[in-house]
Amino acid sequence: MRDHGEVTSKSVAELAGWVGEGDVVVLSGAGLSTESGIPDYRGPSGAARRGTPMTYQAFTRDPVARRRYWARSHLGWRTIGDARPNLGHRAVARLQQLGVLSGIITQNVDGLHQAGGATGVIELHGNLAHVTCLQCGCLIARTEHTRRLDEANPGFAATVRAVNPDGDVELDDAELDGFAVVDCDSCGGMLKPDVVYFGETVPAERVSRSFELVASARTLMVLGSSLTVMSGRRFVLRAAKEGIRVAIVNQGVTRGEPYAGLIVDAPLGEVLPELVRRVELGMRAHPLGGVPA
Ligand SMILES: [Zn+2]
């Protein structure tokens, strides 16, 4: 049996060496937010999702699917909207303040990086805190939309069984009867959460900005992503192709393993504060940059 604790502390020390050299791009996934109470349905602690995720096609073409989505999402928002940044999010923000990060790219739609103090975050899949009109393109705050949904559905309360990371909840169809969807206040158009659905592509501008960041990085540090979907994995492939080193901090298996020079398989809420501590120590010992080997 290997001493997991010792192995972890050795690899965190090595990771601190890499991060201390600066120019690190962070790519984060659902595993960073599990300690904030948002389940990662692909990770080891997450229950497998029962239903299939909403697709853009179903949402725009099927009024019943749309009503079901909004009813579930309306309830799920209570969990996502109340979630608070955890030690991992705060550690990433601290690394940014220390000047060692050149960018943060996230696959998460919960806004917790920013709530934890980070800035300039590229949200690949959007953010659940906004709702957009598919006709006039206006952006509405989720809090305002929630108020309108509450108004249109007095007394709607159903029993939530489980919340998915995209803010959807498990709910019996019978409980959705009579739920009223609201449309755009200014043009009457269809409203959709400002997130990228399955069947939709990430806006090209976000993708190219992310590729530029990765291409100029010294290290790509993946946090809490199993890299199952290509939307995130392509950045790891690009980094590997260009000889940029890849570090992965993730609990459980990851598809990035063949490309990573360093993998830490441990809870992010423990690893990341320890990483910050070591990077800060290294900076104090060598103020001109670099962490002793
Ligand atoms: Zn509109």
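Heads up: these notes are all about the structure in this document.

Rules used throughout
- Residues numbered from 1 in each chain as written.
- Predicted model: local features only at pLDDT ≥ 70, side-chain atom pairs only at ≥ 80, totals over all residues.
- Heavy atoms only, no water.
- Helix = DSSP H or I, 4+ residues; strand = E, 2+ residues; numbered from the N terminus.
- Buried < 20%, exposed > 50% of the residue type's maximum accessible area, 1.4 Å probe, protein only.
- Areas by Shrake-Rupley, 256 points an atom, 1.4 Å probe, with all protein chains shown as cover.
- Phe/Tyr/Trp six-rings, centres within 6.5 Å; stacked < 30°, edge-to-face > 60°.
- Lys NZ or Arg CZ within 6 Å of the ring centre and 35° of its normal.
- Axes fitted to C-alpha atoms, helices over the stretch in contact; angles between N-to-C directions.
- Left-handed = near helix turned anticlockwise from the far one by under 90°.
- Contact = heavy atoms within 4.5 Å.
- Nonpolar A, V, L, I, M, F, W, Y, C, P; charged D, E, K, R; others polar.
- Donors = N, O, S within 2.8 Å, 3.2 Å for Na, K, Ca; no water.
- Tetrahedral: all angles 85-135°; square planar, octahedral: opposite > 155°, others 65-115°.
- Pairing = 2+ DSSP bridges.
- Expected span 1.5 Å × (residues − 1).
- Core = buried A, V, L, I, M, F, W, Y, C linked by side-chain atoms within 4.5 Å.

Before going further, it helps to examine the overall build of the protein chain. Of regular secondary structure, the protein chain possesses nine helices and 11 strands. Expressed as a percentage of the 293 residues in the protein chain, the buried residues total 50%. Total accessible area on the protein chain stands at roughly 13500 Å², and carbon and sulfur atoms take up 51% of it.

Further remarks concern the packing of aromatic side chains. Under the counting rule described, the total for this entry stands at six aromatic pairs. A centroid spacing of 5.6 Å and a plane angle of 85 degrees characterise the contact between F59 and Y69, whose relative ring orientation is edge-to-face. Highlighted residues: F59 in helix α2 (residues 56–61) and Y69 in helix α3 (residues 63–82), separated in sequence by 10 residues. Accessibility assignment for this pair places F59 and Y69 in one class, buried. Geometrically, the ring pair formed by Y69 and W70 is edge-to-face, given 5.8 Å between the ring centres and 75 degrees between the ring planes. Above the face of the Y197 ring, K192 is positioned so that its terminal group lies 4.6 Å from the ring centre. When the ring centre of F211 is taken as origin, the NZ or CZ atom of R238, which lies over that ring, is 4.2 Å away.

What follows is about the packing of helix α7 (residues 204–215) against helix α8 (residues 230–241). At a closest axis distance of 10 Å, the pairing of α7 and α8 adopts a crossing angle of 35 degrees. Seen from above, α7 lies across α8 with right-handed handedness. Packed against α7, whose contacting residues are V207, S210, F211 and V214, the element α8 presents R234, F235, R238 and A239 at the interface. Looking at the contact of α7 with α8 residue by residue, the class counts come to five nonpolar, one polar and two charged.

Turning next to the coordination of the zinc ion. Only C133 (SG), C136 (SG), C184 (SG) and C187 (SG) from the protein reach the zinc ion as donors, at distances of 2.3 to 2.4 Å. In this structure, the zinc ion is coordinated by four donor atoms arranged in tetrahedral fashion, with angles at the metal of 99 to 117 degrees. Donor residues binding the zinc ion come from one chain and are separated in sequence as C-x2-C-x47-C-x2-C. Note on C133: relative accessible area 2%, which makes it buried. Accessibility expressed as a relative area gives 41% for C136, which makes it partly exposed.

A word on the pairing of strand β2 (residues 101–106). Regular strands place side chains that alternate from one sheet face to the opposite one. Most of β2 is tucked away, with five of its six residues classed as buried. Pairing geometry for strand β1 (residues 24–28) and β2, over five bridges, is parallel. The residue bridging V26 from the neighbouring strand is I104, located in β2. For β2 and strand β3 (residues 121–123), the ladder comprises three bridges, and the chain directions are parallel. By the bridge assignment for β3, I104 is matched with V121.

Next up on the list: α7. Taking 1.5 Å of rise per residue, 12 residues should cover 16 Å, and α7 covers 16 Å from first to last C-alpha, within 8% of that figure. For α7, the elements touching its buried residues are β1, β2, β3, β4 (126–133), β9 (219–223) and α8.

Another point: the sheet that holds β3. On the basis of which strands lie adjacent, the open sheet formed by six strands has the order β3-β2-β1-β9-β10-β11 and parallel pairing. Looking at which strands have only one partner, the edges of the open sheet turn out to be β3 and β11 (262–264). Between one strand and the next, the sheet's axes are offset by a mean angle of 15 degrees, whatever the strand orientation. In the packing of helix α4 (residues 87–97) onto the sheet, the strands contacted are β2 and β9, and the crossing angle to β2 comes to about 150 degrees.

A separate point is the nonpolar core. In terms of nonpolar packing, the biggest core is built from 31 residues, with L15, V19, L95, M221 and L275 touching the most fellow members. At six residues, helix α9 (residues 268–285) tops the list of elements feeding residues into this core. Other than its neighbours up to four places away in sequence, V19 contacts V24, L95, V100, M221, L275 and V279. Judged by nonpolar contacts, the second largest core, of 26 residues, contains I38, A65, V131 and C133.

Another aspect to go through is the side chain of R66. Here R66 shows up in helix α3. Excluding its chain neighbours within four sequence positions, the residues that come into contact with R66 are F59, T60, R61, V181 and M190.

In this section: the sheet that holds strand β8 (residues 191–195). Taken in spatial order, the three strands make up an open sheet running β5-β4-β8, and their pairing is antiparallel. Each edge of the sheet is formed by a strand with only one pairing partner; in this case those strands are β5 (139–141) and β8. On average, adjacent strands in this sheet sit at an angle of 45 degrees to one another, irrespective of strand direction. In this structure, β4 lies alongside β5, joined through three bridges in antiparallel fashion. The residue bridging H130 from the neighbouring strand is A141, located in β5. Contacts between α3 and the sheet are confined to β4 and β8, with β4 contributing the most and set at about 140 degrees to the helix.

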